[in-house]
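As a plain string of letters, each chain reads:
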Amino acid sequence: MFKSLKIGVITTLLSFAVFSANAATLDDVQARGELNCVVTTGLAGFAAPDENGRWDGFDVDFCRAVAAAVLGDGEKVKFVPSTGKTRFTLLNSGEGDILFRNTTETMSRDADLKLTFLPINYYDGQGFLIRKAYGVSSAKDLNGASVCIQTGTTTELNLADFFRANDMKYEPVNIETNEEGIANYSGNRCDAYTTDASGLASTRAALDDPSAHIILPEIISKEPLGGAVRHGDDQWADIGKWVVNAIINAEELGVSSANVGEMCASAGDNPSINRLCGTEGDAGSWIGLDNKWAVRVIEQIGNYGEIFERHIGPNTPLALERGLNAQWTDGGILYAAPIR
Amino acid sequence: MEQSIYKPGEHPNLPPPSNTVGPIAWVRTNLLSSPTNIVLTVLSIWFLYEIIPATLEWAFLDAAFTGESRDECRAKAGGACWAFIGERFNLFTYGFYPAEERWRIDLTFVLLCVALLPVLWDRCPFRKYGLYFACAFPFIAGWLLLGGFGLTPVDTDEFGGFMLTLVIGVTGITFSLPIGILLALGRQSNLPVVRVLSVGFIEFFRGVPLITLLFVASTMLNYFLPTGTTFDLLLRVLIMVTLFASAYMAEVIRGGLQALPRGQYEAADSMGLKYWTSMRLIILPQALKISIPGIVNTFIGLYKDTTLVIIIGLLDPLGVGRSSLADTKWTGLSNEMYLFVAIFFFISCFGMSRYSLYLEKKLATGYER
């Protein structure tokens, strides 16, 4: 009797929590006047606080973009730093409204953890970092190498698969964190270091002489990174989705923070740009916002290319090439659905 | 050789033999007294010779104290890059607290010292008023840090750095001692309900790792609360840390209570003292005195455990440090960061441990002769 009562109470509470999560996130955010955005506690180029405690980075800019669209001001974001273990619970329990935390979209996360993923904003993949002095130019030449690898990650499995598929041998050097990886690699305890390519770039930048190391061209796994929201609020998911799409479309259409005022001042010849600018059609009302939502995003944050250049592009210490993340018109696979 | 002759009792004191005093004798007795000790001494000197110059070189002689980024540091010197710590010092100290409100944290810290003085030092002038102030301090500190009533409100998620460590550490220490005492007394109570509840509480919180409790605080509780009622994360953490430390404290104090001879309890009873009076006047003063090393040990452990909050995304000094390393300007400077944070924790913990020694000496009446 007592036990069934207890179960009943817990079920009621749980279902209450689930139902309350169904309430319109947009209304909550607008009433609060602040967007709660789940980010990492620190990853070079993607999210990190500067000396004044202001968060900055690639993921952070996507948070600001959503705030600019929804609240009109990209600064109205409260960043919720999260670890790999707490990120999804923070989102699902309602402490975060949206998540941009270099998170790989996988089926289990999408379906089992009840997340709705936003369009992919960074195509990452596992690669190798190695000393130039070895003269290795391809990962296929790594037979017999010792490789530093973070235990308990999908990268471990990818590494084993890659070497088995190519009929090569390797000697794993197990590490726990990226810092440990840097220490082991620079201390010559492993020949190569493997993790996501963006992580390798920041690792390389942290080494004493980055130019003495190269990232091999082979990418041995798919790591599509994207934002996410919790299940149950489709309107909110649409807002996140179209903010990301608008940022990508803006680059494709040549609209940047520098020229958005001019290009969006009045309806021009290109209907795609007009729809993005809100000078034609009624796209804003479809997602519960006004028609200038995308203009605010581009004005305050910029288009995809600008965000990329600012934080992780060739002129930053990470020095990442666009590669897969170039527009589909430039040989990449960035292909955003049109706003129409 | 002729010797002077003295009358009995008038012989002047002779100087001690030269091989028992002075630095040479000290070296001989302490460092070179046996072959094993000679080997150990030589090894130690060699070890220090290897470590100290290299450390000094890295930390001071070849270190860069100014610079805008790691690359500028590296261009100047091959050793430590302290410019990183310098630039981030405010972040390490105040966390994300708004810059124009940081004076409130400084003021709170000064008031904390003022409040601690009469508590820790019994010959402090105006001690009585000081103790009143110490009782009021938690409310004043809460007002200053959180704002409201005339001050700009600041959310607790903007707390961070050393300030966060102090908030969690001081709160945990202040509240875990009284709760621990009550639990320890409850565990020895004659009333079965009180005893069972106390034992249950203590065993539960001692049996669960602190990380688990922090996870429960940060994630589980939210599932049971409606989304509208946000129950502050820092408050949840403070409660969990305090309860966890209380359980340990209770066991330390129970040790002190059990070390008292049965006769002390019986003497108190035979004086006709009521329970609380006898506890206050006879049992607890002695039990707490015995428990001081254990109590301070628990305090130090609790203080260092505050770094675990990084797991749930609160940025304590270590968290701030790790985030700062993710700044592309400063990547790869983890040695400097960890050393800096270690020095902060060492100063705090060493201070606590010295104070406990002072207290033990002061209270060591009757047992040491």
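Residues numbered from 1 in each chain as written. Chains lettered and ligands numbered in written order. Predicted model: local features only at pLDDT ≥ 70, side-chain atom pairs only at ≥ 80, totals over all residues. Heavy atoms only, no water.

Quick notes on the state of the cysteines
Residue and element names in this part refer to chain A. Counted only if it meets this: Put simply, a disulfide is two cysteine sulfurs that come within 2.5 Å. Helix and strand definitions follow DSSP, with helices as H or I runs of at least four residues and strands as E runs of at least two, each counted in order from the N terminus. Note on classification: 1.4 Å probe, protein chains only; a residue is buried when its accessible area is under 20% of the maximum for its type, exposed when over 50%, partly exposed between these limits.
If you walk through the whole model with that rule in mind, you get four disulfides over all chains. There is a disulfide in this structure between Cys37 and Cys63, and the S-S distance comes to 1.9 Å. Residues Cys37 and Cys63 are joined through a disulfide that is left-handed, its torsion about the S-S bond being -55 degrees. Placement of the pair is Cys37 in strand 1 (residues 35–40) and Cys63 in helix 3 (residues 58–71), with a sequence separation of 26 residues. Across the pair, Cys63 and Cys37 agree in class, each one buried. Disulfide pairing is shown between Cys148 and Cys190; the S-S distance is 2.1 Å. Of note, the bridge from Cys148 to Cys190 carries an S-S torsion of about -100 degrees and is left-handed in sense.

Digging into the packing of helix 11 (residues 262–270) of chain B against helix 12 (residues 275–305) of chain B
All names here are of chain B. Cut-off, in case you're wondering: Think of each axis as a best-fit line through the C-alpha atoms, taken over the contacting stretch in the case of a helix, with angles from 0 to 180 degrees between the N-to-C directions. Roughly parallel means an angle under 35 degrees; roughly antiparallel, over 145; roughly perpendicular, 65 to 115; everything else is oblique. What makes a crossing left-handed is the near helix being turned counterclockwise from the far one by less than a right angle; a clockwise turn instead makes it right-handed. The contact definition used throughout considers only heavy atoms, calling two residues in contact when any of these lie within 4.5 Å. When residue character is reported, Ala, Val, Leu, Ile, Met, Phe, Trp, Tyr, Cys and Pro are called nonpolar, Asp, Glu, Lys and Arg charged, and the others, Gly included, polar.
Viewed as axis vectors pointing N to C, helix 11 and helix 12 meet at an angle of 165 degrees, and their least axial separation amounts to 10 Å. The orientation of helix 11 relative to helix 12 falls into the category roughly antiparallel. Between helix 11 and helix 12 lies a crossing of right-handed hand. Within the contact between the two elements, helix 11 uses Gln264, Tyr265 and Ala268 and helix 12 uses Ser278, Met279, Ile282, Ile283 and Gln286. Here the residues of the contact of helix 11 with helix 12 are counted per class, giving five nonpolar, three polar and no charged.

So, the domain arrangement of chain B
Where we set the bar: All the domain ranges listed were derived from an automatic or database domain assignment.
The domain architecture assigned to chain B consists of domain 1 (22–61) and domain 2 (91–97 + 154–363). For domain 1 of chain B versus domain 2 of chain B, the separation of C-alpha centres amounts to 39 Å.

Description of the pairing of strand 7 (residues 126–131) of chain A
Residues and elements named next belong to chain A. Let me state the cut-off plainly: Pairs of strands are assigned from DSSP output, requiring at least two bridges between the strands.
Among the six residues that make up strand 7, six are buried, leaving the element largely enclosed by the rest of the structure. The alternating pattern of strand 7 places Gln126, Phe128 and Ile130 on one face and Gly127, Leu129 and Arg131 on the opposite face, and all of these are buried. Note: strand 7 against strand 10 (residues 192–196), five bridges, orientation antiparallel. Residue pairing in the sheet places Phe128 in a bridge with Thr194 of strand 10. Two elements, strand 7 and strand 11 (residues 213–215), share three bridges in a ladder whose sense is antiparallel. If you follow Ile130 over to strand 11, its bridge partner there is Ile214.

Looking at the interface of chain B and chain A
Just so we agree on the cut-off: As used here, buried area is the combined drop in accessible area, with a 1.4 Å probe, of two parts when they are placed together. The salt bridge definition used is simple: a Lys or Arg side-chain nitrogen within 4 Å of an Asp or Glu carboxyl oxygen. Whenever a nitrogen or oxygen atom comes within 3.5 Å of another N or O atom, the pair is scored as a polar contact, on the condition that within protein one atom can donate a hydrogen and the other can accept it, and that pairs from neighbouring residues in sequence are kept only if both atoms are in side chains.
Contact residues are listed per partner, giving 32 residues for chain B and 37 residues for chain A. Summed over both sides, the interface between chain B and chain A buries roughly 2,800 Å², with carbon and sulfur atoms accounting for 59% of that surface. If you look at where chain B meets chain A, you find three salt bridges. Lys329 of chain B is the salt-bridge partner of Glu51 of chain A, the closest N and O atoms lying 3.9 Å from each other. Counting across the interface, chain B meets chain A through eight residue pairs in polar contact (both at pLDDT 80 or more). If you list the elements that add at least two residues to the side of chain B that touches chain A, you get helix 3 (70–76), helix 4 (83–94), helix 9 (210–224) and helix 13 (317–325) of chain B. Element by element, the count of residues in the side of chain B that touches chain A is highest for helix 9 of chain B, at six residues. Along the lines of polarity and charge, the residues of the side of chain B that touches chain A split into 13 nonpolar, nine polar and ten charged.

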